[in-house]
Amino acid sequence: MRPAADGPRAFRLAAGLPFKRIALLLSGGGALGAYEIGVLRVLESVKLVPSLVVGVSIGAVNAVAWLAAGRDAGPIEQVWRTARGETLGIQWVSLALRVAGAFIALMALLEMLLTLAGSAELSGAYWLWRHGNSAWDLLSTQLDASFWLVLALVGALAVLYARRIAAWLDLHAGQAAPEVARKRLSRLTLLAASVHVLVWIMGWPWPHRFSAAVVILLVLAWAASTPGFLGRGLRNLALGLMPETGGRGLWSGRARRRILEGLVASGDARALVGPGTGLVMSALAVDRGMVTHFVSWPEVDEAFEQRIRDELGEVVHVRDAGETIAAAMASSAIPGVFQPERVGGREFVDAVGFSNQPLHVAIARGVDAALVVLLSPSRAPEAADEPADVVALGGRLLELANWRDLQTELRHLPAGWSREGSPARVCVVEPQRPLPTSPLRFEPARSAELIELGRRDAWAALARAGWIELQPGVEPASGAG
């Protein structure tokens with residue numbers, strides 16, 4: 001009796017598969033990239049060796065680690081099964097501590113200044129002629145409390161009518177030149193400071209602390225508006241409170257780089273450049289706005305590069321493992337989350353919103369079939385509830401961008417390229433429904449779940465495309481179709 005097809009060992013790559021140069025495309029999607037590890041495991045099981053690997057964002061990181069390990073997903077899988085957001089440099093706790101610490105420090109400094117400059121007990125009347133009046137002190141305190149209460153009500157109204165206020169500001173924005181506005185701010189600051197100093201010296205009843213706070217804020221606003229060194233310094237101070245990056249993103253890419261460097265060092269860095277499986281990593285050039293494709297082969301393929309230029313892209317050749325790692329970091333530098341990465345003196349960010357499944361790049365390189373790994377379903381996205389937060393909104397936008405990019409790629413396929421047929425020239429591995437996590441939620445348990453989903457969907461996609469067949473002597477599983 002022949003064994004039943006109840007496991008991966010029951011299948012092999014179809015003996016009559018006519019394709020000689022197969023491209024593997026690994027999409028971007030942050031934490032969803034664990035799904036690709038399951039797909040790579042299936043490719044290893046059927047011994048499918050791609051001639052070209054194209055990676056975008058987290059797909060580029062997975063591709064580099066996989067090729068450096070000799071097309072073995074074991075090392076990068078171990079990272080996925082153990083790493084959390086903090087491991088990869090997405091340090092929410094660090095961000096919260098920095099912001100809270102900066103706020104506390106600024107408030108403490110403000111309170112110290114208010115104590116010195118806004119207290120009736122330390123006014124000029126006390127220092128100069130030792131004059132004091134308890135009734136005046138009480139009145140000053142009552143005025144302070146009243147003004148702070150009014151300010152609190154103004155803040156509440158600003159929250160309630162934020163859209164109307166924003167519309168009014170937008171309507172009146174730009175009516176005054178910056179120089180005129182700066183002069184008006186200067187006069188207002190001088191007037192407020194003069195009134196406060198006069199009242200403070202005389203010790204008259206006055207909302208001293210509230211007045212001091214207004215003067216301090218006006219002085220800071222005026223200083224920040226100046227075009228010179230002081231203004232730039234104050235404007236950069238706020239940006240400098242951002243962790244690690246000086247305001248160009250929430251985090252740097254140091255943690256991700258260390259992990260990838262360790263994976264490459266434990267494998268064979270020579271597998272990343274030169275002959276063998278070709279590698280393409282896509283990123284967006286900040287300076288020129290071009291989608292840049294970093295390629296691992298040294299020779300210039302003029303027809304290939306002209307095709308890329310026609311698509312508003314460019315080709316950059318990486319020469320060694322160091323440049324390859326830098327390119328992978330650039331490809332996975334999510335704008336706003338990670339700071340831009342420098343490669344060859346230029347800055348790059350994640351191109352996932354512009355080119356997440358660059359199938360045309362693989363076709364331009366001369367492959368005759370492609371296996372595309374998606375991190376969201378290729379069907380039209382279903383109507384969804386309003387995202388609850390910025391992370392959920394980012395995930396939704398990523399899903400929509402990926403879908404639109406894929407539809408563009410599929411609609412511009414050359415004649416003879418299709419997902420239909422057996423074997424199909426384009427094999428698409430995709431989840432049946434949106435994956436159960438978000439792009440910035442890195443958790444070992446979720447990663448393990450995604451790896452298994454990728455494994456399951458890869459087997460189904462390869463069978464559907466006619467790329468695999470049963471091993472000789474194996475019976476189809478009961479109910480298999």
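Quick caveat, the model's predicted, so the values are computed rather than measured.

A. Broad picture of the confidence of the model for the protein chain. On average, residues of the protein chain score 82 in pLDDT, and 79% of them are at 70 or above. Scored below 50 in pLDDT, residues 1–6 makes 15 contacts in the model with residues more than four places away or belonging to other chains.

B. Fine view of empty space enclosed by the protein. Inspection of every chain in the model, using the stated rule, returns three cavities of 30 Å³ or more. What the largest cavity holds in volume is close to 260 Å³. Of all the secondary-structure elements, those providing two or more residues to the lining of the largest cavity are helix H2 (58–68), helix H3 (74–82) and helix H11 (254–266).

C. Geometry of the pattern of salt bridges. For the structure on display, the rule yields 22 salt bridges. Among the ionic pairs, Glu77 bridges to Arg81, the shortest N-O distance being 2.7 Å. Residue Glu77 and its partner Arg81 are located together in helix H3, separated by four residues, close to a single helical turn. Via salt bridges that share partners, Arg41, Glu44, Asp72, Glu77, Arg81, Glu452 and Arg455 belong to a single interconnected network.

D. Local environment of a nonpolar patch on the surface. The grouping of Trp148, Val150, Leu151 and Val154 at the surface amounts to a nonpolar patch, some 350 Å² of accessible area in total. Summarising the element assignment, Val150 is placed in helix H6 (residues 134–160). A relative accessible area of 48% places Val150 in the partly exposed class.

E. Highlighting the nonpolar core. Grouped together as the largest cluster of nonpolar side chains are 72 residues, with contacts concentrated most on Leu24, Tyr35, Leu260, Leu371 and Trp467. Sorting elements by how many residues they give to this core places H2 first, with nine residues. Discounting residues that sit within four places of it in the chain, Tyr35 has contacts with Val373, Leu374, Leu375, Val429, Glu430, Pro431, Leu435, Leu450, Ile451, Leu453, Gly454 and Asp457. Membership of the second largest hydrophobic core comes to 24 residues, among which are Leu52, Phe304, Val315 and Val426.

F. A look at the pairing of strand S8 (residues 346–350). In terms of burial, S8 is a largely internal element, five of the five residues being buried. Sheet topology note: the strand S4 (residues 278–285)/S8 ladder contains three bridges and is antiparallel. Bridging across to S8, Leu284 finds its partner in Val349. Pairing of strand S7 (residues 341–343) with S8, which is carried by three bridges, proceeds in the antiparallel orientation. Pairing of Val343 across the sheet is with Arg346, part of S8. Between the antiparallel neighbours S7 and S8 lie two residues, among them Gly344 with a positive phi of about 60°.

G. Local environment of helix H9 (residues 208–225). An ideal rise of 1.5 Å per residue puts 26 Å on 18 residues; H9 measures up with 26 Å between its terminal C-alpha atoms. For H9, the full list of buried residues reads His208, Phe210, Ser211, Ala212, Ala213, Val215, Ile216, Leu218 and Ala223.

H. Structural context of the packing of aromatic side chains. Applying the stated criterion across every chain yields a total of five aromatic pairs. With 5.8 Å between their ring centres and 50° between their planes, Phe19 and Trp467 make a pair best called tilted. You can see Phe19 sitting in the loop between strand S1 (11–13) and strand S2 (22–26) and its partner Trp467 sitting in the loop between helix H16 (444–465) and strand S11 (468–470), a full 448 residues away along the chain. The pair formed by Phe19 and Trp467 is uniform in burial state, with each residue classed as buried. Note on Trp80 and Phe442: the rings are 5.9 Å apart at their centroids and 20° apart in plane angle, and the pair reads as stacked. Taken as a pair, Trp80 in helix H3 and Phe442 in the loop between strand S10 (426–429) and H16 lie far apart in primary sequence, 362 residues in all. Classification of Trp80 by relative accessible area gives buried; the value is 5%.

I. The pairing of S10, seen in detail. What you see with S10 is no split at all: Val426 and Val428 on one side and Cys427 and Val429 on the other are buried throughout. Here strand S9 (residues 369–373) runs beside S10; their pairing, made up of four bridges, is parallel. Looking across to S10, one finds that Val373 is bridged to Val429.

J. Main features of the packing of helix H1 (residues 34–45) against H3. Between H1 and H3, whose axes approach to 10 Å, the crossing angle comes to 150°. For the element pair H1 / H3, the angle class is roughly antiparallel. The two elements H1 and H3 meet at a crossing, and its hand is left-handed. Contacts between H1 and H3 pair Ala34, Ile37 and Arg41 from the former with Gly74, Ile76, Glu77 and Trp80 from the latter. Partitioning the contact of H1 with H3 into residue classes produces four nonpolar, one polar and two charged.

What counts, and where the lines are drawn
- Residues numbered from 1 in each chain as written.
- Predicted model: local features only at pLDDT ≥ 70, side-chain atom pairs only at ≥ 80, totals over all residues.
- Heavy atoms only, no water.
- pLDDT = per-residue confidence, 0-100.
- Contact = heavy atoms within 4.5 Å.
- 1 Å grid on protein atoms, 1.4 Å probe; cavity = no way out; pocket = protein on both sides within 12 Å on 5 of 7 lines; lining within 4 Å.
- Points joined across faces, edges and corners; volume = space filled by probe spheres on them.
- Helix = DSSP H or I, 4+ residues; strand = E, 2+ residues; numbered from the N terminus.
- Salt bridge = Lys/Arg side-chain N within 4 Å of Asp/Glu carboxyl O.
- Patch = residues over 30% accessible without salt bridge, like charges linked within 9 Å, V, L, I, M, F, W, Y side chains within 5 Å.
- Areas by Shrake-Rupley, 256 points an atom, 1.4 Å probe, with all protein chains shown as cover.
- Buried < 20%, exposed > 50% of the residue type's maximum accessible area, 1.4 Å probe, protein only.
- Core = buried A, V, L, I, M, F, W, Y, C linked by side-chain atoms within 4.5 Å.
- Pairing = 2+ DSSP bridges.
- Expected span 1.5 Å × (residues − 1).
- Phe/Tyr/Trp six-rings, centres within 6.5 Å; stacked < 30°, edge-to-face > 60°.
- Axes fitted to C-alpha atoms, helices over the stretch in contact; angles between N-to-C directions.
- Parallel < 35°, antiparallel > 145°, perpendicular 65-115°, else oblique.
- Left-handed = near helix turned anticlockwise from the far one by under 90°.
- Nonpolar A, V, L, I, M, F, W, Y, C, P; charged D, E, K, R; others polar.

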